[in-house]
Amino acid sequence: QVQLVESGGGLVQAGESLRLSCAASGSIIRYNIMGWYRQAPGKQRELVAAIGGGGITNYADSVKGRFTISRDNAKNTVYLQMNGLKPEDTADYYCKQTTGRGTDYWGQGTQVTVSS
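All of the points below concern the structure found in this document. (Residues numbered from 1 in each chain as written. Predicted model: local features only at pLDDT ≥ 70, side-chain atom pairs only at ≥ 80, totals over all residues. Heavy atoms only, no water.)

### What to know about the side chain of Thr 98
Here comes step 1: The topology assignment puts Thr 98 in strand β9 (residues 91-98).
Here comes step 2: In this structure Thr 98 comes out as buried when scored by relative accessible area, which is 17%.
Here comes step 3: Of the polar contacts made by the side chain of Thr 98, one reaches the side chain of Asp 104; its length is 2.7 Å. (Helix = DSSP H or I, 4+ residues; strand = E, 2+ residues; numbered from the N terminus. Buried < 20%, exposed > 50% of the residue type's maximum accessible area, 1.4 Å probe, protein only. Polar contact = N/O pair within 3.5 Å; in protein donor to acceptor, adjacent residues only side chain to side chain.)

### Overview of the nonpolar core
Here comes step 1: Among the nonpolar cores identified, the biggest contains 28 residues, and Trp 36, Leu 80, Met 82 and Tyr 93 are the most heavily contacted of them.
Here comes step 2: Elements supplying a minimum of two residues to this core: β3 (18-25), β4 (33-39), β5 (46-51), β7 (67-72), β8 (77-82), β9 and β11 (110-115).
Here comes step 3: Per-element accounting of this core gives the leading share, 4 residues, to β3.
Here comes step 4: Residues within four places of Tyr 93 in sequence aside, it is in contact with Glu 6, Leu 20, Trp 36, Tyr 37, Arg 38, Val 48, Phe 67, Leu 80, Met 82, Gly 109, Thr 110 and Val 112. (Core = buried A, V, L, I, M, F, W, Y, C linked by side-chain atoms within 4.5 Å. Contact = heavy atoms within 4.5 Å.)

### Considering the sheet that holds β8
Sheet strands pair by backbone hydrogen bonding; their relative direction is either parallel or antiparallel.
Here comes step 1: On the basis of which strands lie adjacent, the open sheet formed by 4 strands has the order β1-β3-β8-β7 and antiparallel pairing. Taken across any chain shown, the strands that pair with only one partner, and hence form the sheet edges, are β1 (3-7) and β7. Across the sheet, the mean angle separating the axes of adjacent strands is 15 degrees when strand polarity is ignored.
Here comes step 2: Pairing analysis gives 6 bridges linking β7 to β8, with the strands arranged antiparallel. Bridge assignment links Ile 69 to a residue of β8, and that residue is Leu 80. (Pairing = 2+ DSSP bridges. Axes fitted to C-alpha atoms, helices over the stretch in contact; angles between N-to-C directions.)

### Let's talk about the packing of aromatic side chains
Here comes step 1: Counted according to the given criterion, the structure contains 2 aromatic pairs.
Here comes step 2: Centre to centre, the rings of Tyr 37 and Trp 106 are 5.1 Å apart; their planes meet at 65 degrees, and the pair counts as edge-to-face. Highlighted residues: Tyr 37 in strand β4 and Trp 106 in strand β10 (residues 104-106), separated in sequence by 69 residues.
Here comes step 3: Summarising the aromatic geometry, the rings of Tyr 94 and Trp 106 are spaced 6.4 Å apart at their centres and angled 85 degrees between planes, so their arrangement reads as edge-to-face. With Tyr 94 in strand β9 and Trp 106 in strand β10, this pair connects stretches of sequence that are 12 residues apart.
Here comes step 4: Accessibility expressed as a relative area gives 13% for Tyr 94, which makes it buried.
Here comes step 5: Here Trp 106 falls in the partly exposed class, since its relative accessible area comes to 37%.
Here comes step 6: By way of ring pairs, the aromatic residues Tyr 37, Tyr 94 and Trp 106 are connected into one cluster.
Here comes step 7: In this arrangement the basic side chain of Arg 45 is found over the ring face of Tyr 94, its NZ or CZ atom lying 3.7 Å from the centre.
Here comes step 8: For Arg 45, the ring lying beneath its charged end belongs to Trp 106, and the centroid distance is 4.6 Å. (Phe/Tyr/Trp six-rings, centres within 6.5 Å; stacked < 30°, edge-to-face > 60°. Lys NZ or Arg CZ within 6 Å of the ring centre and 35° of its normal.)

Written out as structure tokens, the structure reads:
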């Protein structure tokens, strides 16, 4: 059974940094597409960043140059390094795994709050 556990969220001031972690069990992340999504109150969940099995990355325009997605295959963990945080980055952040068969698995989310 696939489980994704996010951690690293918190309350920071604008301009500061956070690193989110997503630890996977029951699957091998390097064989799947791993993504970070976020959902702000009253808004739809949106893709923030994703990394494929070949290491190709994709970012939302709003975070390009500030956020970096990476993975540690030995730890079976995906990270989201968030620098230069802005109040508009405030949201619940979720990790998602998409398998080669198109099955999606979600973590429980971690809250990020950026104060101005």
